[in-house]
Amino acid sequence: LSQAYTNMPPSDNTADIQINLHGATKKKDPLTVFRRDVRILLLEGVHPEAQRKLELDGFTVDYHKGSMDTEQLKECIGQYHVVGIRSKTKLSREVLEVATNLLIIGCFCIGTDGVDLTYCAERGIPVFNA
C-alpha cells in the first residue's frame, strides 16, 4: 500500500486522487478506490507509527493491539480494504470469504503462513510481507 501513495503529497489527503492496485494514481479510473474512503485494519500491535502515517495521508485506520479470532474477524473484516497482521492472526478462507472489500493484506511478521494464499490468488488479493 505504501507504494500506492508514496508520490502523493501528504497535504493533498482530501483530493480526488484514486489508488489502483499497481501503485499508480489516476483520475476517473473505475477500478480504483478513493484514498479518503480506504479503511485499514491493523492488528497485533503493528507499530503505531504505521497508523500515524496512514492517517496523516488521509486513510481511516482502526488499530487493535491484540489479534482477533475467526468469529471476531468475520464480524468486522467486510468493512476493510486493507488488513495488516502479525503472526497470531489467521486469515483463513472462511474469514476471507466475508472480506468483500479487501484489496490487499500486509503481513508484518516472518512469512505469510497466517493467510490462505490460494484463496487470495483466486480473488486477486495481493499479500505482502514486510
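Just above sits the structure.
Residues numbered from 1 in each chain as written. Predicted model: local features only at pLDDT ≥ 70, side-chain atom pairs only at ≥ 80, totals over all residues. Heavy atoms only, no water.

Quick word on the state of the cysteines
Our working definition: Our working definition of a disulfide is a cysteine sulfur pair at a distance within 2.5 Å. Relative accessibility thresholds used throughout: buried, under 20% of the residue-type maximum; exposed, over 50%; partly exposed, between the two (1.4 Å probe, protein chains only).
In total, this model carries zero disulfides according to the counting rule given. Between C107, a free cysteine, and C109, which holds the nearest cysteine sulfur, the sulfur-to-sulfur gap is 5.2 Å. In this structure C107 comes out as buried when scored by relative accessible area, which is 1%. This cysteine, C120, is not joined by any disulfide, and C107 carries the nearest cysteine sulfur, 8.5 Å off.

Observations concerning the sheet that holds strand β7 (residues 104-107)
This is how the line gets drawn: DSSP bridges decide pairing: two strands pair if at least two such bridges lie between them. Strands are runs of DSSP state E lasting at least 2 residues, helices are runs of H or I lasting at least 4, and numbering of each runs from the N terminus. The convention used is that axes are lines fitted to C-alpha atoms, helices contributing only their stretch in contact, and that angles between N-to-C directions extend from 0 to 180 degrees. The contact definition used throughout considers only heavy atoms, calling two residues in contact when any of these lie within 4.5 Å.
Strand order in the open sheet formed by five strands is β5-β4-β6-β7-β8, and the pairing between neighbours is parallel. The open sheet terminates on both sides in strands that have one partner only, identified here as β5 (60-63) and β8 (127-129). The mean inter-strand angle of the sheet, taken between neighbouring strand axes irrespective of direction, is 15°. Direction of pairing for strand β4 (residues 39-42) relative to strand β6 (residues 82-85): parallel, over a ladder of three bridges. Among the inter-strand pairings, L41 is bridged to a residue of β6, identified as V83. Across the sheet, helix α2 (residues 48-56) lies against β4 and β5, angled at about 160° from β5, the strand it touches most.

Digging into the nonpolar core
What tends to happen in soluble globular proteins is that the nonpolar side chains get buried as a cluster. Put simply, the rule reads: Only buried residues count toward a nonpolar core, which is a set of Ala, Val, Leu, Ile, Met, Phe, Trp, Tyr and Cys residues joined through side-chain atoms within 4.5 Å.
Counting 21 residues, the largest nonpolar core has V83, I85, L91, L96, L102, I105 and V115 as its most contacted members. Those residues in contact with L91 that sit more than four places away from it in its chain are L73, I77, V83, I85, L96, I105, G114, V115 and D116. Membership of the second largest hydrophobic core comes to nine residues, among which are V46, F59, V61 and I104.

Section: the pairing of β5
This is how it is decided: Viewed with both strands pointing away, a crossover whose connecting path from the first strand over the helix to the second turns clockwise is right-handed.
Bridging between β4 and β5 involves four bridges; their strand directions are parallel. Residue pairing in the sheet places L41 in a bridge with D62 of β5. Of the crossover connections in this fold, the one passing from β4 over α2 to the parallel β5 is right-handed.

As for the packing of aromatic side chains
Just so we agree on the cut-off: Pairing of aromatic rings covers Phe, Tyr and Trp, the last through its six-membered ring, and needs centres within 6.5 Å; plane angles under 30 degrees mean stacked, over 60 mean edge-to-face, and all others mean tilted. To sit over a ring, a charge needs its Lys NZ or Arg CZ within 6 Å of the ring centre and within 35 degrees of the ring normal.
For the structure on display, the rule yields one aromatic pair. A centroid spacing of 5.9 Å and a plane angle of 90° characterise the contact between F108 and F128, whose relative ring orientation is edge-to-face. Of this pair, F108 sits in the loop between β7 and α5 (117-123) while F128 sits in strand β8, and the two are 20 residues apart along the sequence. A relative accessible area of 29% places F128 in the partly exposed class. Positioned above the aromatic ring of F34 is the side chain of R36, whose terminal nitrogen or guanidinium carbon lies 4.5 Å from the ring centre.

Nothing here speaks to function; it is geometry throughout.
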